[in-house]
Amino acid sequence: MSTDTHIETVLIHGGFDHDTQTGAVNVPIYQTSTYKQQSLNSPTNGWEYSRTGNPTRAALENTIKVLEGGEAGFAFASGMAAISAVLMLFRAGDKILVSRNVYGGTFRVLDKIFTRFNLNYELVDTGDLKKIEERITPDVKAIYVETPTNPLMEITDLAGIAALAGKYGIISIVDNTFMTPYLQRPLSFGIDIVVHSATKYLGGHSDLIAGLVVTAGGKGLADKIAFIQNSTGGVLQPFDSFLLIRGIKTLGVRMDRHVQNAEKLVDYLSAHQAVSRVYYPGLKEFAGYELNASQAVNGGAMFSFELKKGYDVRKFFHSLKVFTLAESLGGVESLACHPATMTHASIPADIREKLGITDNLIRLSPGIEHIDSLIADLENALNESRS
């Protein structure tokens, strides 16, 4: 395995260099449920049952572990399966402080599923460390952060969160889906657990569903997540693990193009008469710009914007030709999303309104198409959306 520290090289060689049996440069798809044992209590090279462990999945798990700089990596059947496994670390009566703009699926599983088992949560402005500390009571056992948040791109101080968690003996968790380890590595700031919806940028081609978890060392979290993964069984299958490894290899070149397109689109929309506001951490006038610049390579590729009054959001989406109105993000094709009715529909309207997730808010995930095609598509849609 390569010891090179350049992330562009680690993406390709960091988790798997070649198959030791055949020399194959790509990890084989071990499409098997079980393995021959040499004798009682003697699994072949440690492999016994593919829910517990599979060589293809193990190569992926090692890849994300290396990329995030953690102690152990775990691959799940979806991002929500990964998040749910992390939430299973806690007990009835525990409480988790959660970023107020958190992804709607995370809110839903907390609000509709885990509260049934008396796991409590509170939405807080994780961008304000003082407010977070004021909310830490004896029952609080974790802080769960998205930075940037989805869809308003609020930024949280990763080192500050890690310091608070250490001070009060609680667990810090960061959803790093938007940034990926190519642009941001939360564990390097002292965070305990990183989660990914690998369906997004890590996969990169809108052809798989997957979730990843990486744990830092020192708190026994790796053993606990491994037990939960094996016990509950929401593991990623071998073929999807293979596809995800392949996607990760091109993450660097894809993210460079995604970010390049995003920055140009943000500049274009910021000056457009139809747009009242753009939410993007790479804008110097954005509230979290300096903090984001101190902990991430750049502003990432995701952003949102609001249409001014007098423009019809339905007409905007209907007029798109290159951007696709769809759930998800991070694929090579450009996607457009209406958070209020899509990703955050599970959040009550009064909470959405309070947070600023308005009916005129649009979230874009620029793909890797030619920038002129994307600008022309938005220009046409904005013109057509005029009431």
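For the structure itself, look to the data block above.
These remarks concern the structure in this document. Bear in mind the structure is a predicted one, so any value in this text is a computation, not a measurement. (Residues numbered from 1 in each chain as written. Predicted model: local features only at pLDDT ≥ 70, side-chain atom pairs only at ≥ 80, totals over all residues. Heavy atoms only, no water.)

## Let's talk about the sheet that holds strand S12 (residues 324-325)
- Read across the sheet, five strands follow the order S10-S11-S14-S13-S12 without closing on themselves; strand pairing throughout is mixed. Every other strand in the sheet has two partners, leaving strand S10 (275-279) and S12 as the edge strands with one partner each.
- When S10 meets strand S11 (residues 303-307), the two strands line up antiparallel, connected through four bridges. Pairing of Val 275 across the sheet is with Leu 307, part of S11.
- Docked against the sheet, helix H10 (residues 251-270) engages S10, S11 and strand S14 (361-365), running at close to 15 degrees with respect to S11. (Pairing = 2+ DSSP bridges. Helix = DSSP H or I, 4+ residues; strand = E, 2+ residues; numbered from the N terminus. Contact = heavy atoms within 4.5 Å. Axes fitted to C-alpha atoms, helices over the stretch in contact; angles between N-to-C directions.)

## Description of the layout of surface pockets
- Volume-wise, the largest pocket comes out at about 430 Å³.
- Forming the walls of the largest pocket are 29 residues, and the residues nearest its centre are Tyr 103, Asn 150, Ser 197, Lys 200 and Leu 329.
- Looking at the lining of the largest pocket, the elements with two or more residues in it are helix H3 (79-87), helix H4 (104-113) and strand S8 (193-197).
- By residue class, the composition of the lining of the largest pocket is ten nonpolar, 13 polar and six charged.
- For the second largest pocket, the lining is made up of 15 residues, of which Asp 19, Gln 21, Tyr 30, Trp 47 and Pro 55 are closest to its centre.
- Partitioned by chemical class, the residues of the lining of the second largest pocket number nine nonpolar, five polar and one charged. (1 Å grid on protein atoms, 1.4 Å probe; cavity = no way out; pocket = protein on both sides within 12 Å on 5 of 7 lines; lining within 4 Å. Points joined across faces, edges and corners; volume = space filled by probe spheres on them. Nonpolar A, V, L, I, M, F, W, Y, C, P; charged D, E, K, R; others polar.)

## Focus: the nonpolar core
- With 86 residues, the main nonpolar core has Leu 244, Leu 269, Phe 303, Phe 305 and Phe 316 as its most contacted residues.
- Tallying contributions element by element places H10 first for this core, with eight residues.
- Aside from chain neighbours lying at most four places away, what touches Phe 305 is Leu 269, Val 275, Arg 277, Val 278, Tyr 279, Phe 316, Asn 360, Leu 361, Ile 362, Leu 364 and Leu 382.
- One finds Phe 74, Phe 107, Leu 221 and Ile 228 within the second-largest nonpolar core, a separate group that totals 30 residues. (Core = buried A, V, L, I, M, F, W, Y, C linked by side-chain atoms within 4.5 Å. Buried < 20%, exposed > 50% of the residue type's maximum accessible area, 1.4 Å probe, protein only.)

## So, the packing of aromatic side chains
- Throughout the structure, instances matching the rule amount to six aromatic pairs.
- Relative to Phe 242, the ring of Phe 239 has its centre 6.4 Å away and its plane inclined at 25 degrees; by these criteria the two rings are stacked. Of this pair, Phe 239 and Phe 242 both sit in helix H9 (residues 238-249), separated by three residues, roughly a single helical turn.
- Each member of the aromatic cluster is reached from another via a ring pair, and the members are Phe 305, Phe 316 and Phe 317. (Phe/Tyr/Trp six-rings, centres within 6.5 Å; stacked < 30°, edge-to-face > 60°.)

## What to know about the side chain of Thr 199
- Along the chain, Thr 199 falls in the loop between S8 and strand S9 (211-215).
- Within the local environment of Thr 199, its side chain forms a polar contact with the backbone nitrogen of Ala 210, the two atoms lying 3.0 Å apart.
- Beyond its immediate chain neighbours, meaning those up to four positions away, Thr 199 contacts Gly 204, Leu 208, Ile 209, Ala 210 and Ser 328. (Polar contact = N/O pair within 3.5 Å; in protein donor to acceptor, adjacent residues only side chain to side chain.)

## Structural notes on the side chain of His 344
- Topologically, His 344 is positioned in the loop between strand S13 (335-337) and helix H13 (349-355).
- Overall, the relative accessible area of 0% leaves His 344 in the buried class.
- If sequence neighbours within four positions are ignored, His 344 has contacts with Asn 101, Val 102, Tyr 103, Gly 104, Asn 150, Pro 151, Pro 339, Arg 352 and Ile 357.

## What to know about the pairing of S11
- Among the five residues in S11, five count as buried, and that is most of the element.
- The two faces of S11 match: Phe 303, Phe 305 and Leu 307 on one face and Ser 304 and Glu 306 on the other face are all buried.
- Note that S11 and S14 share four bridges and pair antiparallel. In the sheet register, Ser 304 faces S14, and the bridge partner there is Arg 363.

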